[in-house]
Amino acid sequence: MSDTKDAERFAMIANLWNSKAKGLIAEMDLKIERADRKGVEIRMPFNPDFCLDEEGTMLHGGVLTALLDSAFGLANFLAIEDVQTMATLDLRVDYLRPARSRTDVIVFAECYRETRHIAFGSGKIWFDTGDCEEVARGSAAFALTRGKGGLLDKMNTQGPGG
């Protein structure tokens, strides 16, 4: 695919991904900062409702896990052209230090390998504090269904919001 076609495809997928967010993912108010075949970088604005402590500084690990899993999904759709659906088979998150901050959270996720039926991803999470010290690191495997009726096919028949 040409760079222009890739950029259009990535923009369409990112738009659909944002428009279809529900539940916790919608509450996260995620902002895609970079999205291409090499991975995604997504910002989650600070939200004290996701904190465990009264001071509103310690993020719940489940929020970080959901953030990473969602970022992996977007990375897979961008890296693999004919994905119809996917399901998380395995998700491992290593929490490297306390998730204590009142700043935005940044997540990077990539699909580093794919087979016909499985995609493998790696990612990391840090706070937007300037030091980029990782809070968590994750890896995942996803079962893939390929073929017609995938994300881009749906976008082409329903439009980006449909």
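Residues numbered from 1 in each chain as written. Predicted model: local features only at pLDDT ≥ 70, side-chain atom pairs only at ≥ 80, totals over all residues. Heavy atoms only, no water.

1. Thoughts on the overall build of the protein
Stage number 1. What the protein contains, in helices and strands, is four helices and six strands.
Stage number 2. Listing every helix and strand of the protein by position from the N terminus yields α-α-β-β-α-β-β-β-β-α.
Stage number 3. When each of the 162 residues of the protein is scored for burial, the buried share is 41%.
Stage number 4. Put simply, of all contacts in the protein between residues at least 6 apart along the chain, 68% involve residues at least 24 apart.
Stage number 5. Working note: accessible area of the protein is about 8,400 Å², and carbon and sulfur atoms make up 51% of it. (Helix = DSSP H or I, 4+ residues; strand = E, 2+ residues; numbered from the N terminus. Buried < 20%, exposed > 50% of the residue type's maximum accessible area, 1.4 Å probe, protein only. Contact = heavy atoms within 4.5 Å. Areas by Shrake-Rupley, 256 points an atom, 1.4 Å probe, with all protein chains shown as cover.)

2. Concerning the confidence of the model for the protein
Stage number 1. Per-chain confidence: the protein averages 85 in pLDDT, with 88% of residues scoring 70 or above.
Stage number 2. This model gives residues 158-162 a pLDDT under 50, and the stretch forms eight contacts once residues within four places in sequence are excluded. (pLDDT = per-residue confidence, 0-100.)

3. Thoughts on the pairing of strand β1 (residues 31-36)
Strand residues, when the strand is regular, have side chains that alternate between the two faces of the sheet.
Stage number 1. Sheet topology note: the β1/strand β2 (residues 39-44) ladder contains five bridges and is antiparallel. Bridge pairing in β2 links Arg34 to Glu41.
Stage number 2. The hairpin turn running from β1 into β2, its antiparallel successor, is two residues long. (Pairing = 2+ DSSP bridges.)

4. A short note on the packing of aromatic side chains
Stage number 1. Within the structure shown, the criterion is met by two aromatic pairs.
Stage number 2. Each ring, one from Phe72 and one from Phe142, has its centre 6.0 Å from the other, and the planes form 65 degrees; the classification is edge-to-face. Remark: Phe142 occurs in strand β6 (residues 134-146) and Phe72 occurs in helix α3 (residues 61-79); sequence separation between them is 70 residues. Here Phe72 matches Phe142 in class, with each residue buried.
Stage number 3. Ring centres of Tyr112 and Phe120 lie 6.4 Å apart, and the angle between their planes is 40 degrees; on these two criteria the pair is classed as tilted. (Phe/Tyr/Trp six-rings, centres within 6.5 Å; stacked < 30°, edge-to-face > 60°.)

5. So, the pairing of strand β4 (residues 105-114)
Stage number 1. Pairing of β2 with β4, which is carried by five bridges, proceeds in the antiparallel orientation. When the sheet's bridge partners are listed, Met44 is paired in β4 with Val105.
Stage number 2. Relative to strand β5 (residues 118-127), β4 runs antiparallel, the two sharing nine bridges. The residue bridging Phe108 from the neighbouring strand is Lys124, located in β5.

6. A few points about the sheet that holds β1
Stage number 1. Read across the sheet, six strands follow the order β1-β2-β4-β5-β6-β3 without closing on themselves; strand pairing throughout is antiparallel. Looking at which strands have only one partner, the edges of the open sheet turn out to be β1 and β3 (83-95). Mean inter-strand twist for the sheet, computed between neighbouring axes without regard to direction, equals 20 degrees. (Axes fitted to C-alpha atoms, helices over the stretch in contact; angles between N-to-C directions.)

7. What about the pattern of salt bridges?
Stage number 1. Using the criterion set out here, one finds 13 salt bridges in the structure.
Stage number 2. Here Arg100 ties to Asp53 by a salt bridge, and the two come within 3.4 Å at their closest N and O atoms. With Arg100 in the loop between β3 and β4 and Asp53 in the loop between β2 and α3, this residue pair connects regions lying 47 residues apart in the sequence.
Stage number 3. Its relative accessible area of 46% is what places Arg100 among the partly exposed residues.
Stage number 4. Residue Asp53 is classed as buried on the basis of its relative accessible area, which comes to 17%.
Stage number 5. Here Asp82 makes a salt bridge to Arg116, at a shortest N to O gap of 3.8 Å. Pair noted here: Asp82 is in the loop between α3 and β3 and Arg116 is in the loop between β4 and β5, with a separation of 34 residues, a long-range link.
Stage number 6. Judged by relative accessible area, Asp82 falls into the partly exposed class, the value being 30%.
Stage number 7. Through salt bridges with shared partners, a single network forms among Glu33, Arg43, Asp104 and Asp128. (Salt bridge = Lys/Arg side-chain N within 4 Å of Asp/Glu carboxyl O.)

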